[in-house]
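# Summary of the model geometry
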Amino acid sequence: MVIKPKIRGFICTNAHPVGCAESVNRQIQYVKQQDFGTNGPKNVLIIGASTGYGLASRIVSTFGYNANTLGVFFEKPGTEKKTGSAGWYNTAAFQEAAEAKGVYSKSINGDAFSHEIKAKTIETIKADMGKIDLVIYSLASPRRTDPDSGETYSSTLKPIGNDVTTKNLNTSKRIIDEVSVEAANQDEIDNTIKVMGGEDWELWINALQEADVLAVDFKTTAYTYIGKKLTWPIYGHATIGKAKEDLDRASAAINSATANINGKAYVSSLNAVVTQASSAIPIMPLYISALFKVMKEDGTYEGVIQQISGLFKENLMSDSPRLDDGGHLFQNYKELEDNVQARVQTIWDTVNTDSIDELTDYIGYHQEFLNLFGFGYDNVNYENEVNPDIKVNGLV
């Protein structure tokens, strides 16, 4: 079939297998051009391995450090009549490249929150890998079913304390308008922490430790975004921010629980980038479009693969990591510079519908949004018919 993007609101409901392969291969080529040194992981487990920062972590592990990887994700395969998810096609392309390189790579498709998938993962590690020395936790999900109680929790994107009305870039209508979001109640705060906090990360590490598949001196990290004043009302100081704070609690608990094998758990603070998750958050399209404009002018712009490459080289695999005031691995320091934030604020205050393209890099933002789903690449012919039923090799 001929596949064109079907965009509804802030999501794209289909994906292009050839374009997704192009996205993955461009990231691989970037990593191959970098020098990562020899101090790297050997066996890596990536929980949330099919898109965004998790996929980039898998690419860096494999093509930067020649590491074996096991990826866990929940993605939808295509059929003859309907496309699969972008993450499915990303993984198919990644697996093909890993096999061509001759590096071990397998994947598990299922609910990472469940006991069943944790058990299958441990079984695969024991059979194929031995001990894991790096665990990346990069899950982004709107809901989570507690594996013990069976209760399903849903997250919300709401401020805490007071309702918020703020400027917004309406990506459906391509206009600057306002968005109003009501304050969360306590149940909504608690449920968001349950979905997006550190509990499942902790459960994963506990299960891996009990199964004795964690190497001495292993490292683990979960990814967060903290931001600054502009994004705090609906992000940092909101329900999702509370969930991200719970990652700090989990990090401390993991460090304590794995002290006997000298485990090190970090929360990594990363840049605001275009992901399937960030595009759903009110204010983020406008903030990111303004940020891109400023950082591209300064020559400091970094996409997902650049951020993760830097994180591994400068922080995660470094003997002297850069930490922020909260003790997180500090990879988004360029975004948070006062001069950068001041110029973003100026754009925010002055932009209107007529000046979107002049004052912001919304064109770049939208391009990256399309790229998430395999669209918008100038060397892919989107008039060609393609088979959406793509097989992923290496599935357990």
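Please refer to the structure higher up on the page.
Since the model is a prediction, treat every value here as computed from it, not as a measurement.

## So, the overall build of the chain
On a plain count of helices and strands, the chain comes out with 13 helices and 13 strands. Relative to the compact-globule value of 21 Å for 396 residues, the chain shows a C-alpha radius of gyration of 20 Å, a close match. Along the first, second and third principal axes, the C-alpha atoms of the chain reach 60 × 50 × 45 Å. Taking all 396 residues of the chain together, 56% fall into the buried category. By sequence separation, contacts in the chain at least 24 residues apart represent 77% of the contacts at least 6 residues apart. For the chain, the exposed surface amounts to about 16,800 Å²; the carbon and sulfur share of it is 47%. If you average the places of the 37 positive and of the 50 negative side-chain charges in the chain, the two averages end up 4 Å apart.

## Thoughts on the pattern of salt bridges
A side chain of one charge can pair with a side chain of the opposite charge when the charged atoms of the two come close. Applying the stated criterion to the full structure yields 21 salt bridges. One salt bridge connects Lys106 with Asp128, and the closest N-O pair in it is separated by 2.9 Å. Taken as a pair, Lys106 in strand E5 (residues 105-109) and Asp128 in helix H4 (residues 115-128) lie far apart in primary sequence, 22 residues in all. Here Lys106 falls in the partly exposed class, since its relative accessible area comes to 29%. Given the relative accessible area of 34%, Asp128 is considered partly exposed.

## Considerations on the nonpolar core
Counting residues in each nonpolar core, the largest one holds 53 residues, and the members touching the most others are Met284, Tyr287, Ile288 and Val344. With 9 residues, the top contributor of residues to this core is helix H9 (residues 284-298). Sequence-distant contacts of Met284, defined by excluding residues within four places in its chain, comprise Tyr225, Thr231, Tyr235, Ala272 and Ser278. In this structure, Ala67, Ala98, Leu134 and Met317 belong to the second largest nonpolar core, which totals 34 residues.

## Quick look at the pairing of strand E12 (residues 264-269)
Where burial is concerned, most of E12 is hidden: 5 out of the 6 residues are buried. Relative to E12, strand E11 (residues 214-224) runs parallel, the two sharing 6 bridges. Looking across to E12, one finds that Thr221 is bridged to Tyr266. When E12 meets strand E13 (residues 329-330), the two strands line up parallel, connected through 2 bridges. Directly across from Ser269, in E13, lies its bridge partner Phe330.

## Notes on the sheet that holds E13
The 7 strands lie next to each other as E5-E4-E3-E6-E11-E12-E13, forming an open sheet whose pairing is parallel. Among the strands making up the open sheet, the edge pair consists of E5 and E13. Pairing between strand E6 (residues 132-137) and E11: 5 bridges, direction parallel. By the bridge assignment, Ile136 is partnered in E11 with Thr221. Against the sheet, helix H2 (residues 52-65) makes contact with strand E3 (43-47), strand E4 (68-73), E5, E6 and E11, and its axis sits at roughly 165 degrees relative to E4, the strand it touches most.

## Quick word on H2
Compared with an ideal rise of 1.5 Å per residue, which puts 14 residues at 20 Å, H2 spans 19 Å between its outermost C-alpha atoms and is within 8% of the ideal. Buried residues dominate H2, accounting for 13 of its 14 residues. One or two positions beyond H2, positive phi appears at Asn66, with a value near 60 degrees.

## Thoughts on the packing of aromatic side chains
Inspection of the entire model under this criterion finds 9 aromatic pairs. Look at Tyr362 and Tyr365: their rings are 5.8 Å apart centre to centre, the planes differ by 20 degrees, and that puts the pair in the stacked class. Residue Tyr362 and its partner Tyr365 are both found in helix H13 (residues 362-372); the two are separated by 3 residues, about one turn of the helix. Following the ring pairs from residue to residue traces out a cluster consisting of Phe36, Tyr65 and Phe312. The ring of Tyr301 carries Lys296 above its face, with NZ or CZ at 4.9 Å from the centroid.

## Considerations on H13
With 8 of its 11 residues buried, H13 lies for the most part within the structure. Every buried residue of H13 is accounted for by Tyr362, Gly364, Tyr365, Glu368, Phe369, Leu370, Asn371 and Leu372. Count one or two residues on from H13 and you reach Gly374, which has phi positive near 85 degrees.

## Some points on the environment of Cys20
For Cys20, the position within the fold is in helix H1 (residues 17-32). When the C-alpha positions of Cys20 and Gly87 are compared, they lie 8.4 Å apart, and in sequence the two are 67 residues distant.

## As for the pairing of strand E9 (residues 164-170)
Burial analysis of E9 places 6 of its 7 residues in the buried class, which makes it a mostly covered element. Strand direction decides the pairing type here: E9 and strand E10 (residues 175-181), joined by 7 bridges, are antiparallel. The partner of Thr166 across the bridge, within E10, is Val179. Following E9, the chain reverses through 4 residues before pairing antiparallel with E10; Arg174 in that reversal takes a positive phi of roughly 55 degrees.

## Re the side chain of Thr156
Its location among the elements puts Thr156 in the loop between strand E8 (152-154) and E9. Given a relative accessible area of 18%, Thr156 falls into the buried group.

How each quantity is defined
Residues numbered from 1 in each chain as written. Predicted model: local features only at pLDDT ≥ 70, side-chain atom pairs only at ≥ 80, totals over all residues. Heavy atoms only, no water. Helix = DSSP H or I, 4+ residues; strand = E, 2+ residues; numbered from the N terminus. Rg over C-alpha atoms; globule rule 2.2 N^0.38 Å. Buried < 20%, exposed > 50% of the residue type's maximum accessible area, 1.4 Å probe, protein only. Contact = heavy atoms within 4.5 Å. Areas by Shrake-Rupley, 256 points an atom, 1.4 Å probe, with all protein chains shown as cover. Lys, Arg positive; Asp, Glu negative; His and termini not counted. Charge placed at Lys NZ, Arg CZ, Asp CG, Glu CD. Salt bridge = Lys/Arg side-chain N within 4 Å of Asp/Glu carboxyl O. Core = buried A, V, L, I, M, F, W, Y, C linked by side-chain atoms within 4.5 Å. Pairing = 2+ DSSP bridges. Axes fitted to C-alpha atoms, helices over the stretch in contact; angles between N-to-C directions. Expected span 1.5 Å × (residues − 1). Phe/Tyr/Trp six-rings, centres within 6.5 Å; stacked < 30°, edge-to-face > 60°. Lys NZ or Arg CZ within 6 Å of the ring centre and 35° of its normal.

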